[in-house]
Amino acid sequence: MSFKMLEKTPGVYAAAVAGAPVTDWRLYDTHYTERYLGDPNTDKASYAGSAAVTDAAKITDPLLLIHGISDDNVFLDNSLAAVSAMQKAGTRFEMMFYPGYTHRVGGPVSVHLWRTIEDFLDRNVKDAK
């Protein structure tokens with residue numbers, strides 16, 4: 001949702017944090033996705049319209065992207081596709097990847113996760129002028 005909101009409503013949000021975002025629903029769990037979007041072979045428009053990677057280059061507001069590299073729920077390919085699109089377009093963003101972590105970054109390293117988010121929001125929301 002963070003990606004889509006920044007893409008569709010630039011300037012509305014001071015900043016956004018996207019944690020393990022699904023940027024292309026074709027890369028997500030088939031059973032779950034097809035329940036809402038239909039068959040990707042016959043309902044191509046619903047997949048194209050819901051993909052965040054397509055319009056990632058339109059993001060102009062501050063974005064922090066976070067992803068556990070070993071995420072077996074939302075595969076890293078989702079974030080990498082968005083990163084590639086934003087880099088090609090010259091879109092500025094921040095990212096933090098967590099090697100060895102899945103969809104949930106927990107344990108002692110969670111302190112790093114929450115400090116990263118807090119610092120990002122402090123710089124882009126709280127302390128922004």
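The text that follows walks through the structure, step by step, so that each part is easy to find. None of the values given here were measured: they were computed from a predicted structure. (Residues numbered from 1 in each chain as written. Predicted model: local features only at pLDDT ≥ 70, side-chain atom pairs only at ≥ 80, totals over all residues. Heavy atoms only, no water.)

## So, the pairing of strand E1 (residues 16–19)
Only one face of E1 is covered, namely the face carrying Ala16 and Ala18; the face carrying Val17 and Gly19 is uncovered. Sheet topology places E1 next to strand E2 (residues 63–68); four bridges connect them, and they run parallel. Bridging from a neighbouring strand, Ala16 pairs with Leu63 of E2. (Buried < 20%, exposed > 50% of the residue type's maximum accessible area, 1.4 Å probe, protein only. Helix = DSSP H or I, 4+ residues; strand = E, 2+ residues; numbered from the N terminus. Pairing = 2+ DSSP bridges.)

## A look at the side chain of Ser50
In this fold, Ser50 is placed in helix H3 (residues 44–50). With near-sequence residues (within four places) excluded, Ser50 lies in contact with Lys4, Trp25 and Leu37. (Contact = heavy atoms within 4.5 Å.)

## Considering the environment of Ile117
Within the element layout of this structure, Ile117 appears in helix H5 (residues 110–126). Given the relative accessible area of 12%, Ile117 is considered buried. In sequence terms Ile117 and Gln87 are 30 residues apart; their C-alpha atoms lie 21 Å from each other. Excluding residues that lie within four positions of it along the chain, Ile117 makes contacts with Val17, Leu64 and Ile66.

## Description of the pattern of salt bridges
Evaluated as defined, the whole model comprises five salt bridges. We note a salt bridge from Asp55 to Lys58, for which the minimum N-O separation is 3.4 Å. When its relative accessible area of 14% is taken as the criterion, Asp55 is described as buried. Residue Glu94 pairs with Arg123 through a salt bridge whose shortest N-O separation is 2.9 Å. You can see Glu94 sitting in strand E3 (residues 94–98) and its partner Arg123 sitting in helix H5, a full 29 residues away along the chain. What emerges from the salt-bridge pattern is a single network uniting Lys8, Asp55 and Lys58. (Salt bridge = Lys/Arg side-chain N within 4 Å of Asp/Glu carboxyl O.)

## Observations regarding the nonpolar core
Counting residues in hydrophobic clusters, the biggest one holds 15 residues, and the most contacted among them are Phe3, Ile59, Leu63 and Met86. Secondary-structure elements contributing two or more residues to this core are helix H1 (2–8), E1, E2 and helix H4 (77–89). The leading source of residues in this core is H4, at three residues. Among all residues touching Leu63, those that are not within four sequence positions of it are Phe3, Leu6, Ala16, Ala18, Met86, Phe93, Glu94 and Phe120. Core analysis: the second largest hydrophobic core is formed by nine residues, Ala15, Val109, Ile117 and Phe120 among them. (Core = buried A, V, L, I, M, F, W, Y, C linked by side-chain atoms within 4.5 Å.)

## Here's the deal with H5
Considered for burial, the residues of H5 that qualify are Ser110, Leu113, Thr116, Ile117, Phe120 and Asn124. In a view along the axis of H5, the buried residues occupy a sector of 125 degrees, so they form one face of it. Exposed side of H5, more than 90 degrees from the buried face: Trp114, Arg115 and Lys126 are the residues found there. Against E1, E2 and E3 lie the buried residues of H5. (Arc of directions from axis to C-beta.)

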